[in-house]
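# A structural walkthrough
What follows is the residue order along each chain.
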Amino acid sequence: MADLTTEQYQQKMQRRQEVQADRIANAIAEKGLVIVNTGNGKGKTTAALGMVLRSLGHGYRVAIIQYIKGAWEPAEKNVLSKFADQLEFHAMGEGFTWDTQDRDRDIQMAQAAWQKSLEYILDFNYRTILLDEVNVALKLGYLQIEEVLAGLRQKPANTHVILTGRGAPPELIEHADLVTEMQPLKHPFREQGIKAQPGIEF
Ligand code: ATP
Ligand code: MG
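Below: a short report on this structure. (Residues numbered from 1 in each chain as written. Chains lettered and ligands numbered in written order. Predicted model: local features only at pLDDT ≥ 70, side-chain atom pairs only at ≥ 80, totals over all residues. Heavy atoms only, no water.)

### Overview of the coordination of the magnesium ion (ligand 2)
The magnesium ion (ligand 2) binds to the protein through Thr45 (OG1) and Glu133 (OE); the donor distances cover 2.0 to 2.1 Å. Remark: Glu133 occurs in the loop between strand E4 (126–132) and helix H5 (134–139) and Thr45 occurs in helix H2 (residues 44–57); sequence separation between them is 88 residues. With a relative accessible area of 15%, Thr45 lands in the buried category. Overall, Glu133 belongs to the buried group, its relative accessible area being 16%. (Donors = N, O, S within 2.8 Å, 3.2 Å for Na, K, Ca; no water. Helix = DSSP H or I, 4+ residues; strand = E, 2+ residues; numbered from the N terminus. Buried < 20%, exposed > 50% of the residue type's maximum accessible area, 1.4 Å probe, protein only.)

Put into structure tokens, the structure is as follows:
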């Protein structure tokens, strides 16, 4: 770009603007998305909560189903409780053992969480559904991917479903509209042994 004359630069920018305007003009106005936040880096749940916040700001109804116990501490719950008229929150991971000592029970709990998730996914009144750490339940085989995909295929056209957690199965990635893989470059615990801190981790 440095070797362009002022006139050439202006022409180039104008052309770029036209291409962008064209893209926007032809873009689809609205579509409910299947969103996956996966990978080993930090930020999967945080990013999903950011979308929840945006949805609440637009006045949409939101449901959150938490698949793993202790994934969240009270800070988020306190804030979100202020939106009780718009938000349903279910901590369905309370009974998980996650240590394969009682696998049948873990499967039952995951199934119950999925049935609750499905109720909201199919309910037209809810615009954004967050299934926090559901990918882990899929990875552990507590939930079957076919069952989850069948549910996602039935969702109303404008409903957004966000699925978080490490190890999202390839079939889910294939089906989703928006997939982000968090990649850890540095983490304060890994490099410096710094514990989880309020405001950052919970
Ligand atoms: P967050 O809730 O902070 O957005 P996350 O949802 O991406 O994190 P999880 O797999 O749910 O990640 O793990 C949650 C906890 O593990 C967080 O306290 C986070 O800081 C920590 N964590 C995430 N990635 C790493 C990592 N690469 N090394 C060490 N700890 C990590
Ligand atoms: Mg998480």
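Text resumes after the structure shown.
### Things to note about the site of ligand 1
Surveying the vicinity of ligand 1 reveals the residues Asn40, Gly41, Lys42, Gly43, Lys44, Thr45, Thr46, Glu133, Arg166, Pro184, His187 and Glu201. Thr46 is positioned with one of its side-chain polar atoms (N or O) 2.4 Å from an oxygen atom of ligand 1. Among the residues making up the shell around ligand 1, the classes are represented as one nonpolar, six polar and five charged. (Near = heavy atom within 4 Å. Polar contact = N/O pair within 3.5 Å; in protein donor to acceptor, adjacent residues only side chain to side chain. Nonpolar A, V, L, I, M, F, W, Y, C, P; charged D, E, K, R; others polar.)

### With respect to the packing of aromatic side chains
The description of an aromatic ring pair uses the distance of the two centres, along with the angle that the planes make with each other. This structure, assessed with the given rule, holds one aromatic pair. Ring plane angle 75 degrees and centroid distance 4.9 Å describe the contact between Tyr120 and Tyr126, whose orientation is recorded as edge-to-face. When its relative accessible area of 9% is taken as the criterion, Tyr120 is described as buried. For Arg127, the ring lying beneath its charged end belongs to Tyr60, and the centroid distance is 4.2 Å. (Phe/Tyr/Trp six-rings, centres within 6.5 Å; stacked < 30°, edge-to-face > 60°. Lys NZ or Arg CZ within 6 Å of the ring centre and 35° of its normal.)

### Some details on H2
For H2, built from 14 residues, the straight-helix expectation of 20 Å at 1.5 Å per residue is met to within 8% by its first-to-last C-alpha distance of 20 Å. Of the residues making up H2, those classed as buried are Lys44, Thr45, Ala48, Leu49, Val52, Ser55 and Leu56. Down the axis of H2, the buried side of the element spans an arc of 120 degrees, and every buried residue falls inside it. Counted as exposed and oriented over 90 degrees from the buried face of H2: Leu53, Arg54 and Gly57. (Expected span 1.5 Å × (residues − 1). Arc of directions from axis to C-beta.)

### A word on the side chain of Thr159
If you trace the backbone, Thr159 turns up in the loop between helix H6 (145–153) and strand E5 (160–164). What makes Thr159 buried here is its relative accessible area of 2%. A polar contact is formed between the side chain of Thr159 and the backbone oxygen of Tyr126, at a distance of 3.5 Å. Leave out the neighbours within four places in its chain, and Thr159 touches Gly32, Leu33, Ile121, Tyr126, Arg127 and Ile129. (Contact = heavy atoms within 4.5 Å.)

### Here's the deal with the pattern of salt bridges
For the coordinates displayed, the defined rule picks out six salt bridges. One salt bridge in this structure joins Glu18 and Arg15, with 3.2 Å as the shortest N-O distance. Of the two residues, Glu18 and Arg15 are both situated in helix H1 (residues 6–26); the distance of three residues between them amounts to about one turn of the helix. By relative accessible area, which is 40% here, Glu18 ends up partly exposed. Between Lys31 and Asp177 there is a salt bridge, with the nearest N and O atoms lying 2.5 Å from each other. With Lys31 in the loop between H1 and strand E1 (34–39) and Asp177 in the loop between helix H7 (170–175) and strand E6 (178–182), the pair connects residues that are 146 residues apart, well separated along the chain. Under the relative-accessibility criterion, Lys31 is labelled partly exposed at 44%. (Salt bridge = Lys/Arg side-chain N within 4 Å of Asp/Glu carboxyl O.)

### Structural notes on the packing of helix H4 (residues 103–122) against H6
Two numbers describe a pair of packed helices, the interaxial angle and the distance between the axes. It is the contact of H4 with H6, at a shortest axis distance of 10 Å, that shows an interaxial angle of 15 degrees. Classified by the interaxial angle, the pair formed by H4 and H6 is roughly parallel. The handedness of the crossing between H4 and H6 is right-handed. Residues Gln111, Trp114, Gln115, Leu118, Ile121 and Leu122 of H4 form the contact with H6, whose participating residues are Glu147, Val148, Gly151 and Leu152. (Axes fitted to C-alpha atoms, helices over the stretch in contact; angles between N-to-C directions. Parallel < 35°, antiparallel > 145°, perpendicular 65-115°, else oblique. Left-handed = near helix turned anticlockwise from the far one by under 90°.)

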